[in-house]
Amino acid sequence: MTTSEIRSKFLEFFKEKDHQIIPSAPVVPEHDPTVLFTTAGMHPLVPYLLGTPHPQGKRLADAQKCVRTTDIEEVGDATHLTFFEMLGNWSLGDYFKEDSIAWSWEFLTDSRWLGIDPQKLYVTVYEGDGVVPKDEESIALWQEQFAKVEINAKEGERILALGKNDNWWEQGGVATGPAGPDTEIFYYIGNEQNPKFDTENNKFVEIWNNVFMAYQRQEDGSYTELKNKNVDTGMGLERASFTLQGLHSVYDTDMLNQIKSAVAHYAHEVREPTFIATQPDTTERAERIITDHTRTVTFMAADGVVPSNKDQGYVMRRLARRAIREALVLGIQHDLFARIVPRVIALYEDEYPELGTNQIQIMEVLLREENAFRQTLVKGLKEFEKLLGDKENLSGHTAFTLYDTYGFPKELSLEEAKRINLPVSNLFEAEFEQQLDAQRQRSRTATSGQFKGGLADDSEIATRYHTATHLMYKALRNVLGDHVMQRGSNITAERMRFDFSHHEKMTPEQIEQVEDMVNAQITKDLPVSFTEMQKDKAFEAGALGAFGEKYPDIVKVYTVGDPEGDYYSKEICGGPHVSKTSEIGTFTIIKEESSSAGVRRIKATIK
Ligand code: SER
């Protein structure tokens, strides 16, 4: 079964169970300044899991684009990826354990769907603690399913009850958030007749996680019950695909393998005849890293991220450079992205049309980064000669300096050393690792800084910025004209950033006019309200949207002013917003600059 088949069967199955299929949110959370990327399928749904009604109803399912880079150094092995698709189904206070487990069973084992042999399935549940009791209910529900195919699913054998590390899920990296016990489904990929179920044994692969999300973690680490008992499930598509296809690595699955083959072919085509290929395992590793990283940066660029030295842009740059650097290991010295990115787009654009819509922008951003970095690489090579000129050997410390300062790859330092017959320090790997560890400590400290300040404060400020964004969007159209369309927006606790289509620099007068107009609406203390309506009706009513954005059939429309009479702005948006404009504060534009061809960028603050 191909990856696309698994994806579409999943969505089709839950559609039959009365779920609304919602589009994937962007990889950059639009209104959550506390995390850089969408790291789980449930992340864009947090407000709804916490109780806000979702315009599409109480049963939802989707394939969500996710980015996780904590294990970036592991990429290249059989399973790690920095981008993945997460299939998920949700109950927002609707069905709970009984249907959730019955439907997981049906989807996995029924021949109409995945048709997995039930003998290969094993499950874990939560063993309980002082607050939440042991999940006896899920044990009984699973036993009922297994009994249908005459499997006696004994606890301690086919079903394990495990502790918090294994069967309790909560959102990472945030101060408070939805949480709950989960039941995880494992698929046995080994050959033994009666294997002993052990989650530490990598022959048992976790393929699906059903979280019974009925709690909220508080800042002091305690848990309170949520108003709604929710279900949040997650099935990593690539992992499910490689497990069910009986392969040894995610990179051998149909989609990723096509990217990997394109990389290998391109290397054969362009490398110099004198190029000496490295060991097969090094080649395989390089191909995997290039495959993963190129796919990730393509999806990032499609959602408007550009390489830079901070936040999302920093992560993107690091991935892009690692790919370019690894390409040298294969002998690819130019045009990696020009060749591979269109393949990624072609493979995924049916499911994620933003790739096709933004193809020009994606190519522009990535080709520019590749060209700039190739010059850095050349500089790095020169620096290598300088640094190593009078040294007796290549130490891990020197190689790390080159890596850290010039992005010069460790492998390349080793190859260069060989070329000039320079011995390599016996402690090379240890020295390099030691420096890398020190750097990791530094970046961990930097990342945790992102979460300082507490979610409550930050999200209140973010909400104010969010409403200010609507006011400014409208003001820009009033001042510059109706060609102005939102091309991207990003809010932190310190500022808002807004990209929009416009072909020339704004004059100081225009900037002042926009500022005045926004502040005038704030002074008027206009009410902010929303209604839900059909997407087409919303556009007919004159509601603004963002350029290239995919909207579900039913949307929320936020109005600033009187929705039935004299209003200032109407915009399709998920919220949240302040209830009156006076809550926003004073609005100031601090910068107006070019973002990319035909797109301007404004940074503004509120005080
Ligand atoms: N939140 C759970 C996970 O990410 C299930 O979606 O695994």
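Residues numbered from 1 in each chain as written. Predicted model: local features only at pLDDT ≥ 70, side-chain atom pairs only at ≥ 80, totals over all residues. Heavy atoms only, no water.

1. With respect to the nonpolar core
Thinking step 1. In terms of nonpolar packing, the biggest core is built from 112 residues, with Phe107, Leu108, Trp142, Trp208, Met300 and Phe337 touching the most fellow members.
Thinking step 2. The element contributing the most residues to this core is helix H9 (residues 311-329), with 9 residues.
Thinking step 3. Not counting residues within four places of it along the chain, the set of residues in contact with Phe337 comprises Thr294, Val297, Ala320, Ala323, Ile324, Pro342, Met363, Leu366, Leu367 and Glu370.
Thinking step 4. Grouped together as the second largest cluster of nonpolar side chains are 34 residues, Leu476, Val479, Phe500 and Val560 included. (Core = buried A, V, L, I, M, F, W, Y, C linked by side-chain atoms within 4.5 Å. Buried < 20%, exposed > 50% of the residue type's maximum accessible area, 1.4 Å probe, protein only. Helix = DSSP H or I, 4+ residues; strand = E, 2+ residues; numbered from the N terminus. Contact = heavy atoms within 4.5 Å.)

2. Overview of helix H3 (residues 97-109)
Thinking step 1. With 13 residues, H3 ought to run about 18 Å at 1.5 Å a step, and its terminal C-alpha atoms sit 18 Å apart, in line with that.
Thinking step 2. Among all positions in H3, only Lys97, Ser100, Ile101, Trp103, Ser104, Trp105, Phe107, Leu108 and Thr109 are buried. (Expected span 1.5 Å × (residues − 1).)

3. With respect to the side chain of Gln521
Thinking step 1. By the element assignment, Gln521 lies in helix H17 (residues 508-523).
Thinking step 2. Its relative accessible area of 5% is what places Gln521 among the buried residues.
Thinking step 3. Excluding its chain neighbours within four sequence positions, the residues that come into contact with Gln521 are Leu471, Leu526, Tyr568 and Thr581.

4. Regarding the pattern of salt bridges
Thinking step 1. Summed over the entire model, instances satisfying the criterion amount to 30 salt bridges.
Thinking step 2. One salt bridge in this structure joins Glu370 and Arg374, with 2.8 Å as the shortest N-O distance. Separated by 4 residues within a single helix, Glu370 and Arg374 lie in helix H12 (residues 359-388), roughly one turn from each other. Here Glu370 matches Arg374 in class, with each residue buried. (Salt bridge = Lys/Arg side-chain N within 4 Å of Asp/Glu carboxyl O.)

5. Quick notes on the site of the ligand
Thinking step 1. The environment of the ligand is formed by Ala40, Met42, Met86, Trp169, Asn209, Val211, Asp232, Thr233 and Gly234.
Thinking step 2. The separation between an oxygen atom of the ligand and a polar side-chain atom of Asn209 is 3.4 Å.
Thinking step 3. Between Gly234 and the ligand, the recorded distance is 3.2 Å, taken from a backbone N or O atom to an oxygen atom.
Thinking step 4. Protein contacts shield 94% of the accessible area of the ligand, which totals 230 Å² for the unbound molecule. (Near = heavy atom within 4 Å. Polar contact = N/O pair within 3.5 Å; in protein donor to acceptor, adjacent residues only side chain to side chain. Areas by Shrake-Rupley, 256 points an atom, 1.4 Å probe, with all protein chains shown as cover.)

6. Here we look at the pairing of strand E16 (residues 599-606)
Thinking step 1. Across the 8 residues of E16, 7 count as buried, placing the element largely inside the fold.
Thinking step 2. Sheet analysis places strand E11 (residues 496-501) next to E16, joined by 6 bridges and oriented antiparallel. Pairing of Phe498 across the sheet is with Ile602, part of E16.
Thinking step 3. Here strand E15 (residues 587-596) runs beside E16; their pairing, made up of 8 bridges, is antiparallel. Of the residues in E16, the one forming a bridge with Thr588 is Thr605.
Thinking step 4. Here E15 hands over to E16 after 2 residues, with Gly598 in that stretch at a positive phi of 75°. (Pairing = 2+ DSSP bridges.)

On their own, these measurements won't tell you what the molecule is for.
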